[in-house]
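Chain and residue survey
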Amino acid sequence: MASSAGDTTKGDQLVLLDFWVSPFGQRCRIALAEKAIPYEYSEQELLGTKSDLLLRSNPIHKKIPVLLHNDRPICESLIILNYLDEAFPSAARNLLPSDPYARAQARFWPSYADKIYELGTKLWKLKGDAAAQAKEELVQVLKNLDGELGEKAFFGGEEFGFVDVAVVTFVPWLPSYERYGGFSVEEIAPRLAAWGRRCGERESVAKSLHPPEKVDEFINMLKKTYGIE
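What counts and how
Residues numbered from 1 in each chain as written. Predicted model: local features only at pLDDT ≥ 70, side-chain atom pairs only at ≥ 80, totals over all residues. Heavy atoms only, no water. Phe/Tyr/Trp six-rings, centres within 6.5 Å; stacked < 30°, edge-to-face > 60°. Helix = DSSP H or I, 4+ residues; strand = E, 2+ residues; numbered from the N terminus. Buried < 20%, exposed > 50% of the residue type's maximum accessible area, 1.4 Å probe, protein only. Lys NZ or Arg CZ within 6 Å of the ring centre and 35° of its normal. Expected span 1.5 Å × (residues − 1). Arc of directions from axis to C-beta. Salt bridge = Lys/Arg side-chain N within 4 Å of Asp/Glu carboxyl O. Axes fitted to C-alpha atoms, helices over the stretch in contact; angles between N-to-C directions. Parallel < 35°, antiparallel > 145°, perpendicular 65-115°, else oblique. Left-handed = near helix turned anticlockwise from the far one by under 90°. Contact = heavy atoms within 4.5 Å. Nonpolar A, V, L, I, M, F, W, Y, C, P; charged D, E, K, R; others polar. UniProt positions renumbered as here; feature names shortened; annotations may be inferred.

1. Overview of the packing of aromatic side chains
Evaluated as defined, the whole model comprises 13 aromatic pairs. Aromatic side chains F24 and F170 sit 5.9 Å apart centroid to centroid with 75° between the ring planes, which places their arrangement in the edge-to-face category. Taken together, the positions of F24 in helix 1 (residues 23-34) and F170 in the loop between helix 7 (162-168) and helix 8 (174-181) put the pair 146 residues apart, joining distant regions of the chain. Given a relative accessible area of 1%, F170 falls into the buried group. Between W173 and Y177, the ring centres sit 6.4 Å apart and the planes meet at 35°, which makes this aromatic pair tilted. Taking relative accessible area as the criterion, W173 reaches 2% and is therefore assigned buried. According to the relative accessible area criterion, Y177 is buried, its value standing at 0%. What links up through ring pairs into an aromatic cluster is the set F19, W20, F24, Y117, F170, W173, Y177 and F218. Between R179 and the ring centre of Y180, over which it is positioned, the NZ or CZ distance is 4.6 Å. The ring of F154 carries R198 above its face, with NZ or CZ at 6.0 Å from the centroid.

2. Observations concerning helix 6 (residues 128-149)
The terminal C-alpha atoms of helix 6, which comprises 22 residues, lie 32 Å apart, in line with the 32 Å expected from a rise of 1.5 Å per residue. Here helix 6 has its buried residues at A131, A134, L138, V139, V141, L142, L145, D146 and L149. All buried residues of helix 6 fall inside an arc of 160° around its axis, so they share one side. Every exposed residue of helix 6 that faces more than 90 degrees away from the buried side is listed here: D129 and E136.

3. Concerning the environment of I79
Counting through the fold element by element, I79 comes out in helix 3 (residues 77-87). Separated by 36 residues in the primary sequence, I79 and K115 have C-alpha atoms spaced 17 Å apart.

4. Quick word on the pattern of salt bridges
Proximity of charged atoms lets side chains of opposite charge pair with each other. Taken as a whole and assessed by the stated rule, the structure comprises twelve salt bridges. A salt bridge links R191 to D146, with the nearest nitrogen and oxygen atoms 3.0 Å apart. You can see R191 sitting in helix 10 (residues 190-199) and its partner D146 sitting in helix 6, a full 45 residues away along the chain. Residue classification places R191 among the partly exposed positions, given a relative accessible area of 30%. Given a relative accessible area of 6%, D146 falls into the buried group. Here R191 makes a salt bridge to E151, at a shortest N to O gap of 3.2 Å. Residue R191 is located in helix 10, and its partner E151 is located in the loop between helix 6 and helix 7; the two are separated by 40 residues in the primary sequence.

5. Re the packing of helix 5 (residues 115-125) against helix 8
Orientation of helix 5 relative to helix 8, taken along the N-to-C sense of each, is 45°, at an axis distance of 9 Å. In this view, helix 5 runs oblique relative to helix 8, as classed from their interaxial angle. With respect to the hand of their crossing, helix 5 and helix 8 are arranged in left-handed fashion. Mapping the contact onto sequence places I116, Y117, G120, T121, L123 and W124 in helix 5 and L174, Y177, Y180 and G181 in helix 8. Split by residue class, the contact of helix 5 with helix 8 holds seven nonpolar, three polar and no charged.

6. Re the UniProt feature "domain: GST C-terminal" (unreviewed entry) in the protein
UniProt marks residues 99-218 with the feature "domain: GST C-terminal" (unreviewed entry), using the numbering shown here. As a span, residues 99-218 carries 74% helix and 0% strand, and end to end its C-alpha atoms are 40 Å apart.

Pasting the structure below:
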C-alpha cells in the first residue's frame, strides 16, 4: 500500500515499516501527510514472526516504526519526526517551530505524553493497587497536558504542529483507558478533549487514526493473547 502527496527530492525513496494500530507509527503517517511527502507503507507483524526487513532495519529494539530513506533506516517515532523536518525542509511545511526555545519546548512534551500509552497499558494489564497507581499517574499526565495546552487551539498556538502530531495518536486509546480506569477525560481535561476533536477534523489525522472501537478490539485481542481476564 502506498501513500503519496506532493514531491520529495528527486530520487528519494521512503518506506515506512509500521503496524496498523500503533500510535507511534501513526505519528509518522500524520507527519508525512502534513509535509506532503510520498512514501510506501509496509505493514509489519507485531505478535508473530517479525520480518527480516524489520530485524535488519532495527536490530537493537526490533520494533516499528522504522523509516527507510533510500534504504537507510531511521528508528523511533520522535526521531523520525525530527528527521523529516531536517531532511525535507522544503516540503509543504515544517512541524517544529523556527525559534530554538519554542523548538526545545515542542520536543519535551511528546516524550512526556508517551506516559499515556505506558500507563494506559498498565490499566488493562494490572489489577488492584498497581492499577490504581497507574490511574492516578495517568490522570495527572492528562491534567498536565491540559494545563500546557491552555486556551490555545493547538499546543504550539494557532497552527497544528509537532506536539499535536505526536500526542493526537493516543486519542483513540483514551476511551478504553477511561473504561478500565473509571475516569472521564472530558471531566479531568476538558480542553484536551476538545483539542482531540479539533485535531480529528484534519485530513492527515482522520486518515491515519482508527476508531476507538477498533482500538478496544485490539486491546481485547492482546488480553486474550496474554491470558489476562
